[in-house]
Structures are given as structure tokens and as C-alpha cells.
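Coordinate analysis (summary)
Here's the letter readout for the chains.
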Amino acid sequence: MTKEQILYLEERAKEIRKTALTMIYQAQSGHPGGSFSAADVIAALYFHFLKLDPEQPKWEDRDRFVLSKGHVCPALYAALILRGFLPADAVNTLRRQGSLLQGHPDMKRCPGIDISTGSLGQGLSCAVGMAIAGKNDGKNFRTYALLGDGECNEGQIWEAAQAANKYQLDRLMVFVDHNGLQNDGSTEEIMPSGDLAAKFRAFGFQTVEIDGHSMKEITGAVSFLQTQENGMPKCVVCRTVKGKGVSFMENVAAWHGMAPNEEQYRQAMRELEGGAA
Ligand SMILES: Cc1ncc(C[n+]2csc(CCOP(=O)(O)OP(=O)(O)O)c2C)c(N)n1
Ligand SMILES: [Mg+2]
């Protein structure tokens with residue numbers, strides 16, 4: 001990656017955060033905290049790694065993306081708007097009745113959504129199914145899934161991880177957004193998840209742990225893991241900050257699922273505009 005490419009992706013991450021925040025502000029509902037912790041990974045995927053065609057959202061050779069922590073869909077919708085899958089004015093329709101942009105992603109309604117999610121714990125199973133199908137059909141696409149650290153409390157995640165290992169899904173890559181918080185408090189308090197990287201390793205994943213806000217580390221990890229055609233599924237544990245980019249939201253559990261008022265919105269937009277990421 002060149003310095004210019006990294007800067008470009010950092011700018012895209014900034015746009016994703018601003019667009020997601022505007023959606024949540026307009027809706028007066030939604031999940032800013034986890035949207036902001038995931039924004040850098042989503043920017044790297046949607047503006048560099050994923051092979052997609054906005055003109056053909058269902059192109060069968062496209063790479064697949066599963067937002068297993070479906071509540072942070074504002075960040076994904078922002079990427080889909082910026083990539084041209086969705087019209088720009090969709091920004092004003094989050095969580096409205098009949099809108100493309102439901103409170104959790106709806107594959108039947110929204111172009112660019114590969115699978116409906118929102119009930120935590122299920123997305124990795126879906127991603128494993130997609131990766132097995134790709135393998136069986138002799139396809140070359142890759143499958144990526146983004147999980148929350150609180151979400152990793154769900155037993156189904158580990159059932160899916162066993163299957164990924166058994167079926168040697170080395171074109172499957174899992175990102176864990178390890179922001180240390182879930183709905184109402186810290187993951188350590190609510191249900192300790194221990195060393196997530198060690199756990200994924202124990203389940204047969206080739207695993208790296210990175211700073212999930214460093215575009216250099218994100219793109220370095222993905223590029224490296226993509227070269228590893230060794231039968232092992234891949235995992236990138238991303239150390240992140242919930243609410244990243246907005247001082248009064250960072251590491252504050254209350255911003256998991258809360259919308260800003262007008263003053264908070266203006267301050268947050270100023271802060272997001274100021275930083276590269
Ligand atoms: C099966 C299930 N149980 C509970 C919820 C409610 N819920 C929504 S988000 C959330 C916390 C998720 O925490 P984490 O996975 O760490 O996400 P992030 O911190 O990235 O927002 C919970 C419990 C849900 N969506 N699905
Ligand atoms: Mg979390």
C-alpha cells in the first residue's frame with residue numbers, strides 16, 4: 001500500500017463515520033459506538049479489498065460480506081452509499097417504515113446486503129455456509145465476516161468456527177471488533193471473553209491481532225492473510241475504541257445505542273471532520 005492509498009482509506013473511514021452519524025441523528029435512533037469502532041475495517045474492505053459491482057449487487061462472483069454485528073449497519077449503509085449501491089438521499093431514511101435502511105440489515109430490501117443480521121451470534125454460520133458454497137462451486141470469491149467482542153459470548157460463533165476449521169475455509173476471514181464494551185458495560189464485567197486471539201487460534205484460525213484504527217495495520221494484515229492458502233480460516237482481532245473519533249462517545253457504554261441531540265451532533269461532526277480517522 002502506498003502512503004496515498006492509506007490516506008485515501010482514512011478519508012473514506014472519516015466519511016463513513018460522518019454519514020453514519022448523520023443517519024443516526026436524522027433517525028434519532030441507532031448505534032453510533034460500534035459503528036465508529038468498525039468504520040476503519042469497513043472502509044478498508046469496501047474501498048480496497050472487496051470485489052464488488054454496484055451495478056450488479058448480486059453478481060455471483062462478488063466477495064461476500066457478513067455484518068454479523070448487524071446493529072452497526074449505519075456504518076455499512078454509509079459504505080454502500082459512498083460506493084454507489086444506494087442513493088445519497090437514503091441518508092435521511094434510516095429506520096423509517098418501508099425504507100431500504102432498516103434498523104438491522106435486510107437482504108431482501110437493501111441492495112448490497114448479502115445476509116440479514118441483527119440476532120447476534122448467527123452471522124459467522126452464514127459466512128461459513130457462503131464459503132463452503134463457494135468452495136463447492138469452484139468459485140474464487142472470498143467471504144468476510146465482522147463480529148463484535150460481546151457477540152463472541154454466543155455459543156453459535158464457536159460452532160461455526162469449528163466448521164470453518166473442518167472445511168478448511170482459507171478464503172474466509174473473520175474480523176473481531178474488540179472494543180471491550182457491549183450493550184450495557186464492559187465485556188469483562190458482563191461475560192469475560194478472555195484472549196479472543198488465542199481462542200480463534202485454538203479453533204484452527206490463522207490469527208493476527210492489530211490496532212483496528214490503523215489503516216496500515218488493517219491493510220497489512222488482510223494483504224498478508226490473503227496470501228496464506230494453507231487450509232486455515234483467517235481471523236483478525238482488531239483492538240478498537242467504541243465511539244472512536246468523538247471525544248464524548250469514546251469508551252462510553254451509553255453511546256452503544258443512543259442518538260445525539262443537535263448540539264452533540266454538531267460537536268461530533270466538527271471532531272470527525274478534524275481528524276483523519
Ligand atoms: C441474540 C441477541 N441477543 C441480544 C441482542 C441485543 N444486543 C444488541 S447489540 C448487543 C451488544 C453487542 O456487543 P458487541 O458484540 O460487543 O458489539 P459492539 O460493541 O461492537 O457494538 C446486544 C446484547 C441481540 N441483538 N441479539
Ligand atoms: Mg463490543
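Residues numbered from 1 in each chain as written. Chains lettered and ligands numbered in written order. Predicted model: local features only at pLDDT ≥ 70, side-chain atom pairs only at ≥ 80, totals over all residues. Heavy atoms only, no water.

Description of the overall build of the chain
Operational definition: Each helix corresponds to a stretch of at least 4 residues labelled H or I by DSSP, and each strand to a stretch of at least 2 residues labelled E; elements are numbered beginning at the N terminus. Our radius of gyration is a C-alpha quantity, and the globule rule it is checked against amounts to 2.2 Å times the number of residues to the power 0.38. Here, two residues are considered to be in contact whenever any of their heavy atoms come within 4.5 Å of each other. With residues, only the protein chains shown are counted as cover, and all accessible areas are computed by Shrake-Rupley using a 1.4 Å probe.
Looking only at helices and strands, the chain has 9 helices and 5 strands in total. If you list the helices and strands of the chain from N to C, you get α-α-β-α-α-β-α-β-α-α-β-α-β-α. Radius of gyration (C-alpha) of the chain: 17 Å, near the 19 Å computed for a compact globule of 277 residues. In terms of overall dimensions, the chain has a C-alpha envelope of 50 × 45 × 40 Å along the principal axes. Once local pairs closer than 6 in sequence are excluded, the contacts in the chain between residues at least 24 apart make up 76%. Put simply, the chain shows about 11,500 Å² of open surface, and 47% of that area lies on carbon and sulfur atoms.

Things to note about the site of ligand 1
For the record, the criterion: Working definition: residue near molecule or strand if any one of its non-hydrogen atoms lies within 4 Å of it. Pairs of N or O atoms within 3.5 Å make up the polar contacts considered here, provided that, within protein, one atom can donate a hydrogen while the other can accept it, and that residues adjacent in sequence are counted only when both atoms are side-chain atoms. Site definitions follow a grid-based scheme: protein atoms alone, a 1 Å grid, a 1.4 Å probe that fits but cannot get out for cavities, and for pockets an open set with protein on both sides within 12 Å along at least five of seven lines, plus lining residues having an atom within 4 Å of a point. For a molecule to be placed in a cavity or pocket, more than half of its atoms must lie within 2 Å of the grid points of that cavity or pocket.
Looking at ligand 1, there are 17 residues lining it, with K69, H71, D149, G150 and K242 nearest. A distance of 2.6 Å separates an oxygen atom of ligand 1 from a polar atom in the side chain of K69. Contact between ligand 1 and G118: a nitrogen atom at 2.9 Å from a main-chain N or O atom of the residue. Summarising the interface, the protein chains cover 77% of the accessible area of ligand 1, which totals 600 Å² for the free molecule. Applying the majority rule of atoms within 2 Å of the grid points places ligand 1 in the largest pocket.

Remarks on the sheet that holds strand β2 (residues 143-148)
Put simply, the rule reads: Should DSSP find at least two bridges between two strands, the strands are regarded as paired. Axis lines are fitted through C-alpha atoms, for helices just across the contact stretch, and the angle between N-to-C directions can take any value from 0 to 180 degrees.
Strands sit in the order β1-β2-β3-β5-β4 across an open sheet of 5 strands; the sheet is parallel. The strands lining the two open edges of the sheet, one partner per strand, are β1 (64-67) and β4 (206-211). The average angle at which neighbouring strand axes cross in this sheet is 15°, direction not considered. Pairing analysis gives 6 bridges linking β2 to strand β3 (residues 172-178), with the strands arranged parallel. Its bridge partner lying in β3, L146 is registered against F175. Across the face of the sheet, helix α4 (residues 123-136) comes into contact with β1, β2 and β3 while running at roughly 170° to β2.

Description of the coordination of the magnesium ion (ligand 2)
What counts here: Counted as donors are N, O and S atoms no farther than 2.8 Å from the metal, or 3.2 Å for Na, K and Ca; water is not among the atoms, and sites may therefore look incomplete. Accessibility here uses a 1.4 Å probe with only protein chains present; expressed as a share of the type maximum, an area under 20% marks a residue as buried, one over 50% as exposed, and anything in between as partly exposed.
The magnesium ion (ligand 2) binds to the protein through D149 (OD), N179 (OD1) and L181 (O), with metal-donor distances spanning 2.1 to 2.2 Å. When its relative accessible area of 2% is taken as the criterion, D149 is described as buried.

Focus on empty space enclosed by the protein
Formally: Grid points are joined across faces, edges and corners, and a volume is the space filled by probe spheres set on the points. Each residue gets one label: Ala, Val, Leu, Ile, Met, Phe, Trp, Tyr, Cys and Pro are nonpolar, Asp, Glu, Lys and Arg are charged, and the others, such as Gly, are polar.
Summed over the entire model, instances satisfying the criterion amount to 2 cavities of 30 Å³ or more. Approximately 50 Å³ is the volume attributed to the largest cavity. Contributing to the lining of the largest cavity are Y46, L50, L52, P57, R62, D63, R64, F65, F85, G112 and D114. Residues that form the lining of the largest cavity fall into these classes: 6 nonpolar, 1 polar and 4 charged. Partitioning the lining of the second largest cavity into residue classes produces 6 nonpolar, 2 polar and 1 charged.

Focus: the state of the cysteines
Applied cut-off: Any two cysteine sulfur atoms lying within 2.5 Å of each other are counted as a disulfide.
Enumeration over the complete set of coordinates arrives at 0 disulfides. C73 takes part in no disulfide bond, and the closest cysteine sulfur, belonging to C110, lies 8.9 Å away. The structure places no disulfide on C126, whose sulfur is separated from the nearest cysteine sulfur, that of C152, by 15 Å.

Regarding the pattern of salt bridges
Spelled out, the test is: Salt bridges are counted wherever a side-chain nitrogen of Lys or Arg sits within 4 Å of a carboxyl oxygen of Asp or Glu.
Per the stated rule, a full pass over the model turns up 12 salt bridges. Among the salt bridges present, the one from E60 reaches K139, with a minimum N-O distance of 2.8 Å. One end of the pair, E60, is in the loop between α2 (32-49) and β1; the other, K139, is in the loop between α4 and β2, and 79 residues separate them in sequence. Classification of K139 by relative accessible area gives partly exposed; the value is 25%. A salt bridge links K139 to D61; the shortest N-O distance between them is 2.9 Å. A residue pair is termed long-range when its members are at least 10 positions apart, and K139 in the loop between α4 and β2 and D61 in the loop between α2 and β1 qualify at 78 residues. Within the structure, one salt-bridge network assembled from shared partners comprises E11, K14, E15, K18 and E273.

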